[in-house]
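Residue-level structure breakdown
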Amino acid sequence: MRIPRIYHSSPLTIAQECQLNDEAAVHVGRVLRMNEGEQIILFNGDGHDYLASIQSASKKNVTVSIISSQANLSESPLNLHLGQVISRGDRMDFTLQKSVELGVNTITPLFSERCGVKLNGERLEKKIQQWQKIVISACEQSGRSHVPIVRQAMTLQDWCNEASDAIKLNLHPRASHGINDLELQTNRVRLLIGPEGGLSEAEINMTAEHQFTDILLGPRVLRTETAALCAISALQLKFGDLS
């Protein structure tokens, strides 16, 4: 049976005893019904897996002791920053979850002219927190020990204005070449995925002014969540660790 992986936000050291947070304790004690003596793997985002033995467990409280530490080598050599225009309903949740499974390192939710989603203030902050929890859950499932960051949402203009040494890519149905034609001079990529209605003409011109390269995924029009995952997969296959 696969050992469950649990995120723990605090620093971890061998021989340390620690209590899992409430959500993790409920998952281990109530959902998985694990008991004293059984083992779990903890990770806190530092790139290591920490094997831990359960010292005591109830439905609400779980105490573990750290047995050993091992570097987790599951990260791709390709560093991917996804700029995703916020999509409706659970499409954004799905995109974030699957992009983390595919190896994305950073995610910036974006607002564009045709975004169609109105979020601000407390509602936006709660969404960011929800998306970060989805990212952590995806790391638990996929075996990653570096936790991608969901940054604060910003406008597409502000994201494009940020200084970066990454190659910048924008999906465009009228692009003249695809990912297979790319040659990277760096392992850092900024990938822009627009909204369901696509970027406006002004936004497309603006990305060109900021040295984005337009790329084509194929002859079919893809939904925004499909486009993101297809592009990430293609980049990982050519430049990363998918085979």
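Here the structure is shown first, and the text comes after it.
Residues numbered from 1 in each chain as written. Predicted model: local features only at pLDDT ≥ 70, side-chain atom pairs only at ≥ 80, totals over all residues. Heavy atoms only, no water.

This part covers the side chain of E162. Looking at the secondary structure, you find E162 in the loop between α4 (156-161) and β10 (167-171). Polar side-chain contacts of E162 include one of 2.6 Å to the side chain of R151. Not counting residues within four places of it along the chain, the set of residues in contact with E162 comprises R151, M154, K168 and R190. (Helix = DSSP H or I, 4+ residues; strand = E, 2+ residues; numbered from the N terminus. Polar contact = N/O pair within 3.5 Å; in protein donor to acceptor, adjacent residues only side chain to side chain. Contact = heavy atoms within 4.5 Å.)

With that settled, consider the nonpolar core. Counting 48 residues, the largest nonpolar core has W131, L156, L169, V189, L191 and L235 as the members making the most contacts within it. If you tally residues by element for this core, the top one is helix α3 (residues 121-142), at eight residues. Non-local contacts of V189, meaning those with residues more than four positions away in its chain, are made with L78, N79, L80, H81, A166, I167, L169, L184 and L235. Core analysis: the next-biggest nonpolar cluster, separate from the first, contains 16 residues, A25, M34, Y50 and I54 among them. (Core = buried A, V, L, I, M, F, W, Y, C linked by side-chain atoms within 4.5 Å. Buried < 20%, exposed > 50% of the residue type's maximum accessible area, 1.4 Å probe, protein only.)

Time to look at the packing of aromatic side chains. Taken as a whole and assessed by the stated rule, the structure comprises two aromatic pairs. Centre to centre, the rings of W159 and F212 are 6.0 Å apart; their planes meet at 45°, and the pair counts as tilted. Within this pair, whereas W159 is found in helix α4, its partner F212 is found in strand β12 (residues 212-215), the two being separated by 53 residues in sequence. You'll find W159 and F212 in the same group, each marked buried. The ring of F43 carries R5 above its face, with NZ or CZ at 4.5 Å from the centroid. (Phe/Tyr/Trp six-rings, centres within 6.5 Å; stacked < 30°, edge-to-face > 60°. Lys NZ or Arg CZ within 6 Å of the ring centre and 35° of its normal.)

Moving on, we come to the pairing of strand β3 (residues 39-43). Here β3 lies mainly inside the structure; four of its five residues are buried. Sheet topology note: the strand β1 (residues 5-7)/β3 ladder contains three bridges and is parallel. Each bridged residue has a counterpart across the sheet, and for I6 the counterpart in β3 is L42. In terms of strand pairing, β3 meets strand β4 (residues 48-57) through four bridges, oriented antiparallel. Residue pairing in the sheet places L42 in a bridge with Y50 of β4. (Pairing = 2+ DSSP bridges.)

Turning our attention to the packing of helix α2 (residues 91-101) against α3. At their nearest, the axes of α2 and α3 sit 8 Å apart, and the two run at 35° to each other. Where α2 crosses over α3, the handedness of that crossing is right-handed. Judged by residue contacts, M92, D93, L96, Q97, V100 and E101 of α2 engage Q130, W131, I134, V135, A138, C139, Q141 and S142 from α3. By residue class, the composition of the contact of α2 with α3 is eight nonpolar, four polar and two charged. (Axes fitted to C-alpha atoms, helices over the stretch in contact; angles between N-to-C directions. Left-handed = near helix turned anticlockwise from the far one by under 90°. Nonpolar A, V, L, I, M, F, W, Y, C, P; charged D, E, K, R; others polar.)

For the rest of this paragraph, the subject is the pairing of strand β5 (residues 62-71). Pairing geometry for strand β2 (residues 17-19) and β5, over three bridges, is antiparallel. What sits directly across from C18, in β5, is V64. Counting the residues that bridge the hairpin from β4 to β5 gives four residues.

Below, the discussion takes up the environment of H210. If you trace the backbone, H210 turns up in the loop between α5 (201-209) and β12. Each C-alpha atom of the pair H210 and N161 lies 7.5 Å from the other, and the pair is 49 residues apart in sequence. With sequence-adjacent residues up to four places away left out, H210 is seen in contact with Q157, C160, N161 and K168.

To continue, consider helix α1 (residues 22-31). Structurally, the α-helix is built with 3.6 residues per turn, so residues lying three or four positions apart point the same way. If you check which residues of α1 are buried, you get A24, A25, V28 and G29. Down the axis of α1, the smallest arc covering the buried residues is 105°, so these residues share one side. Exposed positions of α1 whose direction lies more than 90 degrees from the buried face are D22, E23 and V31. Tucked inside the fold, the buried residues of α1 contact β1, β4 and β5. Two or three places before E23, at the start of α1, stands the capping residue N21, its side-chain oxygen 3.2 Å from that residue's backbone nitrogen. (Arc of directions from axis to C-beta.)

This next bit is on the pattern of salt bridges. The final tally for this structure, using the stated rule, is nine salt bridges. Among the ionic pairs, R144 bridges to E75, the shortest N-O distance being 2.8 Å. Note that R144 is positioned in the loop between α3 and β8 (149-150) and E75 in the loop between β5 and β6 (79-85), a separation of 69 residues in sequence. The class for R144 is buried, based on a relative accessible area of 4%. The partly exposed category is assigned to E75, whose relative accessible area is 21%. A salt bridge links R91 to E196, with the shortest nitrogen-to-oxygen separation between them at 2.9 Å. Separated by 105 residues along the polypeptide, R91 in helix α2 and E196 in the loop between β11 (188-193) and α5 bring together distant segments of the chain. (Salt bridge = Lys/Arg side-chain N within 4 Å of Asp/Glu carboxyl O.)

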